[in-house]
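Understanding the architecture of this molecule
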Amino acid sequence: MDTDRAKKILADSGIEHPAFAERLGIKANSFRMNLSMGRLSKKAVAMLLELEADLKGDLSEEDTDFIISEAKKKQSLVIEAAMVKEGMIRQTLEVPLEKMGVVYMLPKNPYLRLVQFKDGSHGKFKAQPGKFVLGAIVKLAHEKGDMYRLVGRYDRKDRLCG
């Protein structure tokens, strides 16, 4: 099957490359590359022929445009609902942005402090030498990996002010 015919079938059916590639079970970029080089697999050609047969039904052009527009509306609503669900799940499951912890160890590096949080997890943050001794309570925000950064205001004796 030539690429122009395949592109026309996909355009007429309203299916975009990533969706069709997902149906085939391959990556979208692989499908695009195969399509542009004219190397479609037997499975892809068979699916394109099925789509073409479905398009050649008794439907007029106006009907097909209406059906395609309705399908796109439904698809966008489904995607939007999925995004809202994902956001709600992240809100409920995600750990808070700021955590309270206690300095439990001063490693050999004078700029690091090891901290333990109330949930039992551990992390580390950078501080000036001599600041935040053992037992100091700190408020930290997660940065990357097990590194955290100080959040909040502290007085000159390293006590959290607010």
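Residues numbered from 1 in each chain as written. Predicted model: local features only at pLDDT ≥ 70, side-chain atom pairs only at ≥ 80, totals over all residues. Heavy atoms only, no water.

**So, the layout of surface pockets**
Heads up, the condition is: Throughout, the protein atoms alone are placed on a 1 Å grid, and a set of points is a cavity if a 1.4 Å probe fits but cannot get out or a pocket if it is open with protein on both sides within 12 Å along at least five of seven lines; lining residues have an atom within 4 Å of a point. Grid points are joined across faces, edges and corners, and a volume is the space filled by probe spheres set on the points. The numbering of helices and of strands both runs from the N terminus, where a helix is a DSSP run of H or I of at least 4 residues and a strand a run of E of at least 2. Any residue outside Ala, Val, Leu, Ile, Met, Phe, Trp, Tyr, Cys, Pro, Asp, Glu, Lys and Arg is labelled polar, Gly included; the first ten of those are nonpolar and the last four are charged.
One number sums up the size of the second largest pocket: a volume of about 200 Å³. Lining the second largest pocket are 10 residues, with Lys8, Asp12, Glu52, Leu55 and Lys56 sitting closest to its centre. Taken together, the elements giving at least two residues each to the lining of the second largest pocket come down to helix H1 (3-13), helix H4 (42-55) and helix H5 (61-93). Examining the composition of the lining of the second largest pocket, we find that 4 residues originate from one element, H1, more than from any other. Residues belonging to the lining of the second largest pocket are distributed by class as follows: 3 nonpolar, 1 polar and 6 charged.

**Quick look at the pairing of strand E4 (residues 137-144)**
Under the convention used in this document: The criterion for strand pairing is that DSSP finds at least two bridges linking the strands in question.
As paired elements, strand E1 (residues 98-105) and E4 share 5 bridges and run antiparallel to each other. Across the sheet, Met100 pairs through a bridge with Lys139, a residue of E4. Of the pairings in the sheet, the one linking E4 to strand E5 (residues 147-150) comprises 4 bridges and is antiparallel in character. Paired with Lys144 across the two strands is Met147, which belongs to E5. Between E4 and E5, which pair antiparallel and follow one another directly, the connecting turn spans 2 residues, one of which, Gly145, has a positive phi of 65 degrees.

It is worth stressing that arrangement in space is one thing and function is another; only the former is reported here.
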